[in-house]
Amino acid sequence: MAGFTIATWNVNSIRVRLSQVLDWLKTNQPDILALQETKVIDESFPWQDFQNIGYQAYYAGQKTYNGVAFLSKNPLGKIAADLPNLQDPQRRILGAIYKDIYLLNLYVPNGERVGSEKYFYKLSWLSRIKDYLEQSLYQYPKLIILGDFNIAPTNDDVYNPVRWDEKILCSTPEREKLKEIIGLGFYDSFRLFIQEQNSFSWWDYRQNSFMHNRGLRIDLILISKALISYCNSCRIDRAPRSSDRPSDHTPIVCSFN
DNA sequence: ATGGTAGTAGCACTA
(Lines give C-alpha, C1' and ligand atoms only; values in the text may rest on other atoms or scores of the structure.)
Protein backbone atom coordinates (compact mmCIF):
# COMPACT_ATOMS: atom_id res chain seq x y z
CA MET A 1 0.00 0.00 0.00
CA ALA A 2 1.50 3.35 -1.08
CA GLY A 3 1.56 6.03 1.60
CA PHE A 4 -1.23 8.53 1.94
CA THR A 5 -2.46 11.32 4.19
CA ILE A 6 -6.01 11.99 5.23
CA ALA A 7 -7.45 14.94 7.16
CA THR A 8 -10.67 16.26 8.62
CA TRP A 9 -11.83 19.84 9.21
CA ASN A 10 -15.12 21.36 10.29
CA VAL A 11 -14.96 24.58 8.27
CA ASN A 12 -18.21 26.21 9.49
CA SER A 13 -19.27 27.46 6.00
CA ILE A 14 -17.25 26.53 2.90
CA ARG A 15 -18.15 29.85 1.29
CA VAL A 16 -16.60 31.92 4.07
CA ARG A 17 -13.61 29.55 4.46
CA LEU A 18 -12.96 28.79 0.77
CA SER A 19 -9.66 30.67 0.44
CA GLN A 20 -8.40 29.22 3.74
CA VAL A 21 -9.21 25.66 2.64
CA LEU A 22 -7.54 26.22 -0.75
CA ASP A 23 -4.43 27.64 0.93
CA TRP A 24 -4.33 24.79 3.42
CA LEU A 25 -4.61 22.15 0.69
CA LYS A 26 -1.86 23.78 -1.35
CA THR A 27 0.45 23.88 1.66
CA ASN A 28 -0.33 20.50 3.20
CA GLN A 29 -1.19 18.39 0.14
CA PRO A 30 -3.24 15.69 1.88
CA ASP A 31 -4.58 12.97 -0.39
CA ILE A 32 -8.03 13.41 1.13
CA LEU A 33 -9.69 16.12 3.21
CA ALA A 34 -13.09 15.51 4.82
CA LEU A 35 -15.12 18.64 5.50
CA GLN A 36 -18.06 19.23 7.82
CA GLU A 37 -20.52 22.11 8.15
CA THR A 38 -20.15 23.22 4.55
CA LYS A 39 -23.59 24.90 4.79
CA VAL A 40 -24.29 24.98 1.05
CA ILE A 41 -26.69 23.18 -1.24
CA ASP A 42 -24.95 20.95 -3.81
CA GLU A 43 -25.64 23.41 -6.65
CA SER A 44 -23.54 26.04 -4.83
CA PHE A 45 -20.59 23.86 -3.78
CA PRO A 46 -17.41 25.50 -5.19
CA TRP A 47 -16.12 22.27 -6.78
CA GLN A 48 -14.40 24.15 -9.63
CA ASP A 49 -12.06 25.99 -7.26
CA PHE A 50 -10.89 22.63 -5.89
CA GLN A 51 -10.59 21.02 -9.29
CA ASN A 52 -8.33 23.92 -10.31
CA ILE A 53 -5.79 22.89 -7.65
CA GLY A 54 -6.05 19.16 -8.32
CA TYR A 55 -8.81 18.00 -5.99
CA GLN A 56 -12.04 16.24 -6.93
CA ALA A 57 -14.98 17.28 -4.77
CA TYR A 58 -17.74 15.01 -3.47
CA TYR A 59 -20.43 16.62 -1.37
CA ALA A 60 -23.81 16.29 0.26
CA GLY A 61 -25.19 19.61 1.45
CA GLN A 62 -28.32 21.44 2.44
CA LYS A 63 -29.37 25.03 3.00
CA THR A 64 -27.98 26.86 6.07
CA TYR A 65 -27.05 23.85 8.20
CA ASN A 66 -24.81 20.76 8.20
CA GLY A 67 -23.27 19.56 4.93
CA VAL A 68 -20.28 17.21 4.42
CA ALA A 69 -17.72 16.78 1.64
CA PHE A 70 -14.61 14.93 0.53
CA LEU A 71 -11.84 16.62 -1.43
CA SER A 72 -9.55 14.02 -2.99
CA LYS A 73 -6.54 13.99 -5.31
CA ASN A 74 -7.64 10.61 -6.67
CA PRO A 75 -11.17 9.62 -7.63
CA LEU A 76 -13.22 8.05 -4.84
CA GLY A 77 -15.75 5.28 -5.34
CA LYS A 78 -19.20 4.36 -4.09
CA ILE A 79 -20.27 7.74 -2.69
CA ALA A 80 -23.16 7.52 -0.22
CA ALA A 81 -24.83 10.42 1.60
CA ASP A 82 -27.05 8.36 3.87
CA LEU A 83 -27.16 4.95 5.53
CA PRO A 84 -29.70 2.20 4.88
CA ASN A 85 -30.82 2.30 8.52
CA LEU A 86 -30.69 6.06 9.02
CA GLN A 87 -32.64 7.94 6.32
CA ASP A 88 -31.80 11.28 7.86
CA PRO A 89 -32.77 14.38 5.84
CA GLN A 90 -29.92 16.23 7.58
CA ARG A 91 -26.75 15.98 5.49
CA ARG A 92 -24.27 14.67 8.08
CA ILE A 93 -22.74 11.60 6.45
CA LEU A 94 -20.60 10.89 3.42
CA GLY A 95 -19.23 7.44 2.69
CA ALA A 96 -16.62 6.69 0.02
CA ILE A 97 -14.13 4.06 -1.05
CA TYR A 98 -10.45 4.88 -1.40
CA LYS A 99 -8.23 1.97 -2.51
CA ASP A 100 -9.48 -0.90 -0.35
CA ILE A 101 -10.48 1.43 2.49
CA TYR A 102 -13.98 2.52 3.41
CA LEU A 103 -14.08 6.17 4.54
CA LEU A 104 -16.96 7.50 6.58
CA ASN A 105 -17.12 11.26 7.04
CA LEU A 106 -19.37 12.17 9.98
CA TYR A 107 -20.83 15.38 11.30
CA VAL A 108 -22.33 14.06 14.53
CA PRO A 109 -25.26 16.13 15.86
CA ASN A 110 -24.21 18.69 18.46
CA GLY A 111 -27.01 17.76 20.87
CA GLU A 112 -27.58 21.31 22.14
CA ARG A 113 -28.00 20.43 25.83
CA VAL A 114 -28.16 17.25 27.90
CA GLY A 115 -31.77 16.09 28.05
CA SER A 116 -32.98 18.15 25.09
CA GLU A 117 -34.77 16.78 22.05
CA LYS A 118 -31.59 17.29 20.00
CA TYR A 119 -29.63 15.35 22.62
CA PHE A 120 -31.82 12.29 22.16
CA TYR A 121 -31.56 12.66 18.40
CA LYS A 122 -27.77 12.65 18.83
CA LEU A 123 -27.82 9.47 20.95
CA SER A 124 -30.13 7.56 18.62
CA TRP A 125 -28.15 8.78 15.59
CA LEU A 126 -24.99 7.36 17.16
CA SER A 127 -26.73 4.05 17.86
CA ARG A 128 -27.67 3.73 14.20
CA ILE A 129 -24.13 4.56 13.14
CA LYS A 130 -22.86 1.85 15.46
CA ASP A 131 -25.24 -0.76 14.06
CA TYR A 132 -24.21 0.16 10.54
CA LEU A 133 -20.49 0.02 11.34
CA GLU A 134 -20.87 -3.37 12.97
CA GLN A 135 -22.16 -4.72 9.64
CA SER A 136 -19.68 -2.75 7.51
CA LEU A 137 -16.56 -4.00 9.27
CA TYR A 138 -17.09 -7.48 7.83
CA GLN A 139 -17.17 -6.13 4.28
CA TYR A 140 -14.49 -3.47 4.84
CA PRO A 141 -12.02 -4.46 7.53
CA LYS A 142 -10.03 -1.36 6.56
CA LEU A 143 -12.32 1.40 7.73
CA ILE A 144 -11.71 5.01 8.73
CA ILE A 145 -14.33 7.12 10.49
CA LEU A 146 -13.41 10.78 10.63
CA GLY A 147 -15.10 14.05 11.29
CA ASP A 148 -16.67 16.25 13.93
CA PHE A 149 -17.88 13.79 16.58
CA ASN A 150 -19.12 16.53 18.93
CA ILE A 151 -17.90 14.34 21.81
CA ALA A 152 -14.72 14.79 23.83
CA PRO A 153 -13.71 11.13 24.44
CA THR A 154 -12.21 11.62 27.92
CA ASN A 155 -11.42 14.39 30.40
CA ASP A 156 -7.91 14.51 28.90
CA ASP A 157 -9.63 16.06 25.88
CA VAL A 158 -11.21 18.90 27.87
CA TYR A 159 -9.53 22.09 29.11
CA ASN A 160 -11.62 22.22 32.25
CA PRO A 161 -13.28 18.88 33.06
CA VAL A 162 -14.98 20.22 36.18
CA ARG A 163 -16.74 22.99 34.31
CA TRP A 164 -17.75 20.57 31.53
CA ASP A 165 -18.77 17.73 33.86
CA GLU A 166 -21.86 16.02 32.38
CA LYS A 167 -22.36 18.95 29.99
CA ILE A 168 -23.08 18.54 26.29
CA LEU A 169 -20.06 17.13 24.37
CA CYS A 170 -18.82 15.50 27.62
CA SER A 171 -21.79 13.71 29.20
CA THR A 172 -21.47 10.03 30.15
CA PRO A 173 -24.21 8.74 27.77
CA GLU A 174 -22.50 10.40 24.78
CA ARG A 175 -19.12 9.05 25.78
CA GLU A 176 -20.62 5.59 26.23
CA LYS A 177 -22.01 5.69 22.67
CA LEU A 178 -18.58 6.65 21.38
CA LYS A 179 -17.01 3.86 23.43
CA GLU A 180 -19.46 1.38 21.91
CA ILE A 181 -18.44 2.49 18.42
CA ILE A 182 -14.73 2.31 19.27
CA GLY A 183 -15.38 -1.07 20.94
CA LEU A 184 -16.36 -2.55 17.57
CA GLY A 185 -12.63 -2.50 16.79
CA PHE A 186 -11.49 1.08 16.25
CA TYR A 187 -8.62 3.16 17.56
CA ASP A 188 -8.47 6.90 18.19
CA SER A 189 -5.48 7.54 15.89
CA PHE A 190 -4.48 10.68 17.79
CA ARG A 191 -3.85 8.61 20.92
CA LEU A 192 -1.65 6.07 19.13
CA PHE A 193 1.14 8.64 19.37
CA ILE A 194 2.65 10.77 22.09
CA GLN A 195 0.91 14.15 22.15
CA GLU A 196 1.22 17.36 24.07
CA GLN A 197 -1.16 17.77 26.98
CA ASN A 198 -4.11 20.06 26.35
CA SER A 199 -4.32 19.28 22.64
CA PHE A 200 -7.68 20.41 21.32
CA SER A 201 -9.46 20.69 17.96
CA TRP A 202 -12.26 23.16 18.76
CA TRP A 203 -12.36 26.43 20.66
CA ASP A 204 -15.54 28.44 21.18
CA TYR A 205 -15.59 31.76 19.36
CA ARG A 206 -16.50 33.53 22.59
CA GLN A 207 -14.31 34.81 25.42
CA ASN A 208 -11.03 34.52 23.48
CA SER A 209 -11.11 30.78 24.07
CA PHE A 210 -8.39 30.01 21.52
CA MET A 211 -5.98 32.59 22.96
CA HIS A 212 -6.35 30.91 26.36
CA ASN A 213 -6.41 27.40 24.84
CA ARG A 214 -9.79 26.75 26.43
CA GLY A 215 -10.80 24.03 23.99
CA LEU A 216 -12.03 20.47 23.50
CA ARG A 217 -10.84 17.65 21.28
CA ILE A 218 -14.04 16.65 19.49
CA ASP A 219 -12.73 16.06 15.94
CA LEU A 220 -11.46 12.51 15.57
CA ILE A 221 -9.97 10.08 13.08
CA LEU A 222 -10.87 6.53 14.14
CA ILE A 223 -9.14 3.70 12.31
CA SER A 224 -9.96 0.00 12.33
CA LYS A 225 -7.50 -2.57 13.65
CA ALA A 226 -6.49 -3.65 10.12
CA LEU A 227 -5.03 -0.14 9.55
CA ILE A 228 -3.08 0.22 12.79
CA SER A 229 0.23 -1.08 11.49
CA TYR A 230 0.10 1.40 8.57
CA CYS A 231 -0.69 4.51 10.61
CA ASN A 232 2.51 6.47 11.29
CA SER A 233 1.31 9.84 12.62
CA CYS A 234 -1.67 11.87 13.72
CA ARG A 235 -1.50 15.56 14.56
CA ILE A 236 -3.63 18.62 15.10
CA ASP A 237 -2.76 21.60 12.91
CA ARG A 238 -3.55 24.66 15.01
CA ALA A 239 -2.39 27.14 12.38
CA PRO A 240 -5.75 27.71 10.60
CA ARG A 241 -7.41 28.60 13.93
CA SER A 242 -5.10 31.65 14.08
CA SER A 243 -6.26 33.00 10.69
CA ASP A 244 -8.49 36.02 10.17
CA ARG A 245 -12.12 34.89 10.32
CA PRO A 246 -11.22 31.32 11.30
CA SER A 247 -13.49 28.33 11.68
CA ASP A 248 -13.96 27.45 15.34
CA HIS A 249 -12.41 24.02 14.50
CA THR A 250 -8.93 23.22 13.19
CA PRO A 251 -7.75 20.30 10.99
CA ILE A 252 -6.63 16.84 12.18
CA VAL A 253 -4.11 15.11 9.91
CA CYS A 254 -3.36 11.38 9.85
CA SER A 255 -0.67 9.68 7.74
CA PHE A 256 -0.31 6.06 6.62
CA ASN A 257 2.55 4.05 5.12
C1' DA B 1 -26.23 30.91 36.56
C1' DT B 2 -25.85 33.73 32.61
C1' DG B 3 -24.11 35.22 28.35
C1' DG B 4 -20.45 35.70 25.48
C1' DT B 5 -19.45 35.00 19.13
C1' DA B 6 -20.15 33.49 14.42
C1' DG B 7 -22.86 31.97 10.10
C1' DT B 8 -27.07 32.16 7.67
C1' DA B 9 -30.42 35.09 6.50
C1' DG B 10 -32.41 39.10 6.72
C1' DC B 11 -35.24 36.82 12.31
C1' DA B 12 -34.40 33.42 15.06
C1' DC B 13 -31.95 29.45 15.13
C1' DT B 14 -27.88 26.50 15.52
C1' DA B 15 -23.54 25.67 17.29
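Since this is a predicted model, take the numbers as computed values, not measurements. (Residues numbered from 1 in each chain as written. Chains lettered and ligands numbered in written order. Predicted model: local features only at pLDDT ≥ 70, side-chain atom pairs only at ≥ 80, totals over all residues. Heavy atoms only, no water.)

Caption draft 1: The arrangement of the pairing of strand E4 (residues 68–72) in detail. Summarising burial for E4: five of the five residues are buried, a large majority. The two faces of E4 match: Val 68, Phe 70 and Ser 72 on one face and Ala 69 and Leu 71 on the other face are all buried. Here strand E3 (residues 56–60) runs beside E4; their pairing, made up of five bridges, is antiparallel. Across the sheet, residue Ala 57 finds its bridge partner in E4, namely Leu 71. (Buried < 20%, exposed > 50% of the residue type's maximum accessible area, 1.4 Å probe, protein only. Helix = DSSP H or I, 4+ residues; strand = E, 2+ residues; numbered from the N terminus. Pairing = 2+ DSSP bridges.)

Caption draft 2: Looking closely at the layout of surface pockets. In this structure, the largest pocket encloses a volume near 970 Å³. Asn 110, Glu 112, Trp 202, Asp 204 and Arg 206 are, among the 35 residues lining the largest pocket, the residues nearest its centre. Broken down by secondary-structure element, the contributors of at least two residues to the lining of the largest pocket are helix H3 (117–139), helix H4 (161–164) and strand E11 (215–216). Examining the composition of the lining of the largest pocket, we find that three residues originate from one element, H3, more than from any other. (1 Å grid on protein atoms, 1.4 Å probe; cavity = no way out; pocket = protein on both sides within 12 Å on 5 of 7 lines; lining within 4 Å. Points joined across faces, edges and corners; volume = space filled by probe spheres on them.)

Caption draft 3: Region of interest: the packing of aromatic side chains. Following the criterion strictly, the structure yields nine aromatic pairs and no others. Judged by centre distance (6.0 Å) and plane angle (35 degrees), the rings of Phe 45 and Phe 50 are tilted. The exposure class assigned to Phe 45 is buried, which follows from its relative accessible area of 4%. With centroids separated by 4.4 Å and ring planes inclined at 15 degrees, the aromatic side chains of Phe 45 and Tyr 59 adopt a geometry described as stacked. A residue pair is termed long-range when its members are at least 10 positions apart, and Phe 45 in the loop between strand E2 (32–36) and helix H2 (47–51) and Tyr 59 in strand E3 qualify at 14 residues. Owing to a relative accessible area of 26%, Tyr 59 belongs among the partly exposed residues under this scheme. (Phe/Tyr/Trp six-rings, centres within 6.5 Å; stacked < 30°, edge-to-face > 60°.)

Caption draft 4: Examining helix H1 (residues 14–28) more closely. Given a rise of 1.5 Å per residue, 15 residues ought to cover 21 Å, yet the end C-alpha atoms of H1 are separated by just 18 Å, more than 12% below that figure. Approximately 35 degrees is the largest bend angle found in H1, and it occurs at Gln 20. Along H1, the positions that sit buried rather than exposed are Ile 14, Arg 17, Leu 18, Gln 20, Val 21, Leu 22, Trp 24 and Leu 25. Considering only its buried residues, H1 is in contact with strand E1 (4–10), E2, H2, E4 and strand E14 (252–256). Where H1 ends, the next residue or the one after it, Gln 29, has phi of about 50 degrees, a positive value. (Expected span 1.5 Å × (residues − 1). Bend = angle between axes of the 7 residues up to and from the residue. Contact = heavy atoms within 4.5 Å.)

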